[in-house]
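# Tertiary structure, described
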Amino acid sequence: MSPAQIERFFSILQDANPQPVTELEYTSVFELLAAVLLSAQATDVGVNKATRRLFPVANTPRKILDLGLEGLESYIKTIGLYRSKARHLMETCRILVERHGGEVPRTREALEALPGVGRKTANVVLNVAFGEPTMAVDTHIFRVGNRTGLAVGKTPLAVEQQLLKRVPARYLVDAHHWLILHGRYVCQARKPQCPRCAVAECCNFRNKTTA
């Protein structure tokens, strides 16, 4: 995609959704961190279903620790890989209490040092909670970046780096939300919805679907 196409692409997405937000439900930075940690290889819908039960009971690192591992598992067992995620979340809560005063740190290095928190999760927290212009490349963004020609790369990190270079600065804070939503609901994996795509004119995908 050319710079002009990229500008048009994000201008259209911005006009359609001026204030995009994550579909994960949360009311604090810690709830966001916990929800994103639980969302790996799971849907936002499934995570929200579990956290609607968990957060009213335990929504701080200390309260999660007080639940105990089995107690935590009982709330999130509907989520895939719940046993390993419960262990990661418990250990993360322990570190938050012991090293960070129960608060979620604001640096990438400290976030990525937490169990179960990789680069993508850290990017989500930095962006959504703290307003930093990061790019959390999930399967949707990876697909959209490569398919459209917006950011071509063989790895999520390569796509992330391309996006940070190519997306105009004024769109960066919200760009990953627009791209995730676009990939989730329009530029889908099995059959992209090209006939109803608002940004099809900007896209370099050769095999566009027809109505």
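The notes below deal with the structure included here. (Residues numbered from 1 in each chain as written. Predicted model: local features only at pLDDT ≥ 70, side-chain atom pairs only at ≥ 80, totals over all residues. Heavy atoms only, no water.)

A positive phi angle, close to 55 degrees, is found at Gln 41, a residue other than glycine. Tracing the chain through its elements places Gln 41 in the loop between α2 (29-38) and α3 (44-54). You will see that Leu 81, though not glycine, has its phi angle at about 60 degrees, which is positive. In this structure, Leu 81 sits in the loop between α4 (61-76) and α5 (82-100). (Helix = DSSP H or I, 4+ residues; strand = E, 2+ residues; numbered from the N terminus.)

Moving on: the pattern of salt bridges. Side chains carrying opposite charge are able to pair once their charged atoms draw close together. Summed over the entire model, instances satisfying the criterion amount to 10 salt bridges. Notably, a salt bridge pairs Arg 170 with Glu 7, separated by 2.3 Å at the nearest N-O pair. Of the two residues, Arg 170 is situated in the loop between α9 (156-166) and α10 (172-185) and Glu 7 in helix α1 (residues 3-16); the sequence distance between them amounts to 163 residues. Residue classification places Glu 7 among the partly exposed residues on the basis of a relative accessible area of 25%. A salt bridge links Glu 201 to Arg 8; its shortest N-O distance comes to 3.2 Å. (Salt bridge = Lys/Arg side-chain N within 4 Å of Asp/Glu carboxyl O. Buried < 20%, exposed > 50% of the residue type's maximum accessible area, 1.4 Å probe, protein only.)

Before going further, it helps to spend a moment on the environment of His 176. Of note, His 176 is situated in helix α10. Owing to a relative accessible area of 2%, His 176 belongs among the buried residues under this scheme. Considering only alpha carbons, one finds His 176 and Thr 148, 28 residues apart in sequence, at a separation of 15 Å. Those residues in contact with His 176 that lie beyond four places of it in its chain are Val 124, Asn 127, Val 128, Thr 134, Met 135, Ala 136 and Ile 141. (Contact = heavy atoms within 4.5 Å.)

Our next topic: α4. The end-to-end C-alpha separation of α4 is 16 Å, well short of the 22 Å expected for 16 residues at 1.5 Å each. The sharpest bend along α4 comes to roughly 105 degrees, located at Gly 68. Within the span of α4, buried status applies to Pro 61, Ile 64, Leu 72, Glu 73, Tyr 75 and Ile 76. Of the surrounding elements, those touching the buried residues of α4 are α2, α3 and α5. (Expected span 1.5 Å × (residues − 1). Bend = angle between axes of the 7 residues up to and from the residue.)

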